[in-house]
Amino acid sequence: MSNYWNNALQIDTVQKTSLRYLAVNYIKTGKPHISYTTLQPTIVDVWKGIIKSRMMTRTYTLQADRHKLSRYEIAPTCQLCNQGPEDLPHMLTTCSALSETRKETFAPIKIYITKFIRERKWKETFIDRHKITVLIIDCTNFTHIFSESKLKIEELETLTRNMFYKMHDSRLKLISV
Ligand SMILES: [Zn+2]
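On a predicted model such as this, the values are computed, not experimentally measured, just so you know. (Residues numbered from 1 in each chain as written. Predicted model: local features only at pLDDT ≥ 70, side-chain atom pairs only at ≥ 80, totals over all residues.)

### Here's the deal with the packing of helix α3 (residues 43-56) against helix α10 (residues 153-175)
The condition is simple: Throughout, an axis means a line fitted to C-alpha atoms (over the contacting stretch in the case of helices), and angles, computed between N-to-C directions, take values from 0 to 180 degrees. Starting at the N terminus, helices and strands are each numbered in turn, a helix being any DSSP run of H or I of at least four residues and a strand any DSSP run of E of at least two. With respect to orientation, any angle under 35 degrees is reported as roughly parallel, any angle over 145 as roughly antiparallel, any angle of 65 to 115 as roughly perpendicular, and every other angle as oblique. For every residue pair, C-beta atoms are placed from the backbone, and the pair is scored as a contact if these atoms sit within 7 Å.
Two elements in contact, α3 and α10, have axes separated by 9 Å at closest approach and are oriented at 90°. Judged by the angle between their axes, α3 and α10 are roughly perpendicular. Within the contact between the two elements, α3 uses Lys48, Gly49, Ile51, Lys52 and Met55 and α10 uses Arg161, Phe164, Tyr165 and His168.

What follows is the structure, encoded as structure tokens:
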């Protein structure tokens, strides 16, 4: 019976583009994702978890989403830098207005991972902005890369959650100026 639901969930997740960044193979019904199990019972941490889960399920609204939701009436252009459509890869890896926050919060992620895998492996795995986006959204997508090392996926989840929260916070501050 639980296999049935696992399969149903996996088919559903593949078909829903909104869930395309989740590590489908690791999702098991009845077992919470580590983005929940690694949360500390503090208001700040729960809030970070909420923001992260909105990003994971693609219910976090960026300008490119407003563009689609408005039936293309609203421009998808990033309001912070005006240098292209604002989607998740743009926000997380490209937007020049967020470069300081990105540098500050991505560095600990890279330092942590390269403690456990060689620099060459890092370059082969995180080859482009799409792969980096996937890493930040749901690091369990790369469990197979880390499985032979002592890297703690929970630790990585905490670092990526922190990065997204700070990026979200910087973005909001810039928008409301
Ligand atoms: Zn931008």
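### Some points on unusual backbone geometry
The condition that has to hold: Each residue is classed by its C-beta neighbour count within 10 Å, where at least 20 other C-beta atoms makes it buried, 12 or fewer makes it exposed, and intermediate counts make it partly exposed; the C-beta atoms are placed from backbone geometry.
Positive phi, normally seen in glycine, also occurs at Tyr72, with a value near 70°. The phi torsion at Asn82 lies on the positive side, around 55°, for a residue other than glycine. As for its position among the elements, Asn82 is in the loop between α4 (63-69) and α5 (88-94). A count of 11 C-beta atoms within 10 Å places Asn82 in the exposed class.

### Quick look at helix α6 (residues 99-114)
Counted only if it meets this: Residue count minus one, scaled by 1.5 Å, sets the expected span of a helix. What the bend at a residue measures is the angle between two axes, fitted to the seven residues ending there and to the seven starting there.
For α6, spanning 16 residues, the distance from its first C-alpha to its last is 21 Å, which sits close to the expected 22 Å at 1.5 Å a residue. Along α6, the helix axis deviates most sharply at Phe106, where the bend reaches about 30°; the proline Pro108 sits within four residues downstream. Residues Arg102, Thr105, Phe106 and Ile113 constitute the buried set of α6. Looking at the buried side of α6, the elements it contacts are α7 (119-125) and α10.

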